[in-house]
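# Topology and contacts: notes
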Amino acid sequence: MCSTVPKTSSPNTFTSALCLTDNKVTLVCLASQMAMGYADVSWTVGGSPVTSNIVTSTAVPQDNKTFQLSSYLTIDTSEWNQDKEFSCKVTVGSKFTEKCIKKSECSNE
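The shown structure was predicted, so the numbers you read here are calculated from the model rather than taken from an experiment.

Okay, the state of the cysteines next. Counted under the stated rule, the structure contains one disulfide. Here Cys 29 pairs with Cys 88 through a disulfide, and the sulfurs are 2.0 Å apart. Measuring handedness by torsion sign, the sulfur bridge of Cys 29 and Cys 88 sits at about -80° and is left-handed. Note that Cys 29 is positioned in strand 2 (residues 24-34) and Cys 88 in strand 8 (residues 86-92), a separation of 59 residues in sequence. For Cys 88, a relative accessible area of 0% gives the class buried.

As C-alpha cells, this is what we get:
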C-alpha cells in the first residue's frame, strides 16, 4: 500500500503507464524537485520487490537548482491486466515519496 510523506520534505513523483507493444507495458516514474543529484528508486508489485526490467536515468539538473530523474519498469501486458498495484518509491537521503498505479485507476484515453 502506498504512503506519501509531505511534498515539502521529499521529491515530487508522478507515475503513469505507457503501452509500447501488444504484449508489454512500461510504467514511468518521474521524480522531480529533488534537492540532491542522487536518489534511490525501487519498484514493487503487490508489495513484493521487483529487481528486473527496470531502467533508471541519472539525475538531471533543472533551472531551479533541483534535480529530476525517470525510472521505467517494463512488464507483460498479462500482469498489467491482473490489476495489480505497482509502486515506485523514490528516496533522497532520509526522505522519500511513493506513488502507486494500477490499471483500474488509469484512463482508457
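Back to the text.
Judged from the six bridges that link them, strand 3 (residues 40-45) and strand 8 form a sheet pairing that is antiparallel. Bridge pairing in strand 8 links Ser 42 to Lys 89. As defined by bridge partners, strand 3 adjoins strand 4 (residues 48-50) across three bridges and the pair is classed as antiparallel. Bridged to Val 45 within strand 4 is Ser 48. Here strand 3 hands over to strand 4 after two residues, with Gly 46 in that stretch at a positive phi of 60°.

Reading the values: rules and limits
Residues numbered from 1 in each chain as written. Predicted model: local features only at pLDDT ≥ 70, side-chain atom pairs only at ≥ 80, totals over all residues. Heavy atoms only, no water. Disulfide = S-S within 2.5 Å. Helix = DSSP H or I, 4+ residues; strand = E, 2+ residues; numbered from the N terminus. Buried < 20%, exposed > 50% of the residue type's maximum accessible area, 1.4 Å probe, protein only. Pairing = 2+ DSSP bridges.

Taken by themselves, the reported measurements are silent on function.
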